[in-house]
Amino acid sequence: MPDRRTGPVRWAGGLLCWTLAGAMLTAATEALLQPAAGWWHTMWPLPWFLVPVWALLWAALRAREKYGDEYGDDDGRQTGKDAPTDYDKAA
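In short, a report on the structure. (Residues numbered from 1 in each chain as written. Predicted model: local features only at pLDDT ≥ 70, side-chain atom pairs only at ≥ 80, totals over all residues. Heavy atoms only, no water.)

Turning our eyes to something else, we now look at the overall build of the protein. In terms of regular secondary structure, the protein is built from three helices and zero strands. Of the regular secondary structure in the protein, the N- to C-terminal order runs α-α-α. When the 91 residues of the protein are sorted by exposure, 19% land in the buried category. The long-range share in the protein, meaning contacts at least 24 apart out of those at least 6 apart in sequence, stands at 61%. Entry remark: accessible area of the protein is about 7200 Å², with carbon and sulfur atoms responsible for 66%. (Helix = DSSP H or I, 4+ residues; strand = E, 2+ residues; numbered from the N terminus. Buried < 20%, exposed > 50% of the residue type's maximum accessible area, 1.4 Å probe, protein only. Contact = heavy atoms within 4.5 Å. Areas by Shrake-Rupley, 256 points an atom, 1.4 Å probe, with all protein chains shown as cover.)

Shown next, in the form of structure tokens:
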């Protein structure tokens, strides 16, 4: 059964990657084409301001996911480093 914490982490990671790609694209457009539209000079840095926001969101969700893996999941089952390794042996 997949962990329900994985979905938000993947979503935040994808959002971070796409925002960073957009930031690089707008920076390249600014450097190479230098658009003359008045709104462009205000809007092109916007993705660069969003990258740290999404990075913090992803880091918080990832830490929550890792903390849950190490200290047990929501059902109270023991997982991670503290889990016994002899579960796969026959009784």
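Tallying each qualifying case throughout the model produces one aromatic pair. Between W39 and W40, the aromatic rings sit 6.0 Å apart at their centres with planes inclined by 80°, giving edge-to-face as the arrangement. (Phe/Tyr/Trp six-rings, centres within 6.5 Å; stacked < 30°, edge-to-face > 60°.)

With that settled, consider the pattern of salt bridges. Enumeration over the complete set of coordinates arrives at one salt bridge. For R62, the salt bridge is made with E65, and the minimal N-O distance between the two is 2.3 Å. With R62 and E65 both in helix α3 (residues 46–71) and three residues apart, the pair spans about one turn of that helix. Residue E65 is classed as buried on the basis of its relative accessible area, which comes to 6%. (Salt bridge = Lys/Arg side-chain N within 4 Å of Asp/Glu carboxyl O.)

Now for a nonpolar patch on the surface. Taken together, the side chains of W39, M43, L46, F49 and L50 present a nonpolar region at the surface, about 540 Å² in accessible area. Among the elements that line the nonpolar patch, the one with the most residues is α3, at three residues. (Patch = residues over 30% accessible without salt bridge, like charges linked within 9 Å, V, L, I, M, F, W, Y side chains within 5 Å.)

Before going further, it helps to spend a moment on helix α1 (residues 6–32). Taking 1.5 Å of rise per residue, 27 residues should cover 39 Å, and α1 covers 39 Å from first to last C-alpha, within 8% of that figure. Listed in full, the buried residues belonging to α1 are V9, A12, G13, L16, T19, A23, T26 and E30. (Expected span 1.5 Å × (residues − 1).)

Before going further, it helps to spend a moment on the side chain of E30. Here E30 shows up in helix α1. R10 provides the closest opposite charge to the buried, unpaired E30, separated from it by 33 Å. (Lys, Arg positive; Asp, Glu negative; His and termini not counted.)

Bringing unusual backbone geometry into the picture now. Of note in this structure, Q34 is not a glycine but carries a positive phi near 45°. Structurally, the position occupied by Q34 is in the loop between α1 and α2 (40–43). On the accessibility criterion, Q34 (58% relative accessible area) is exposed.

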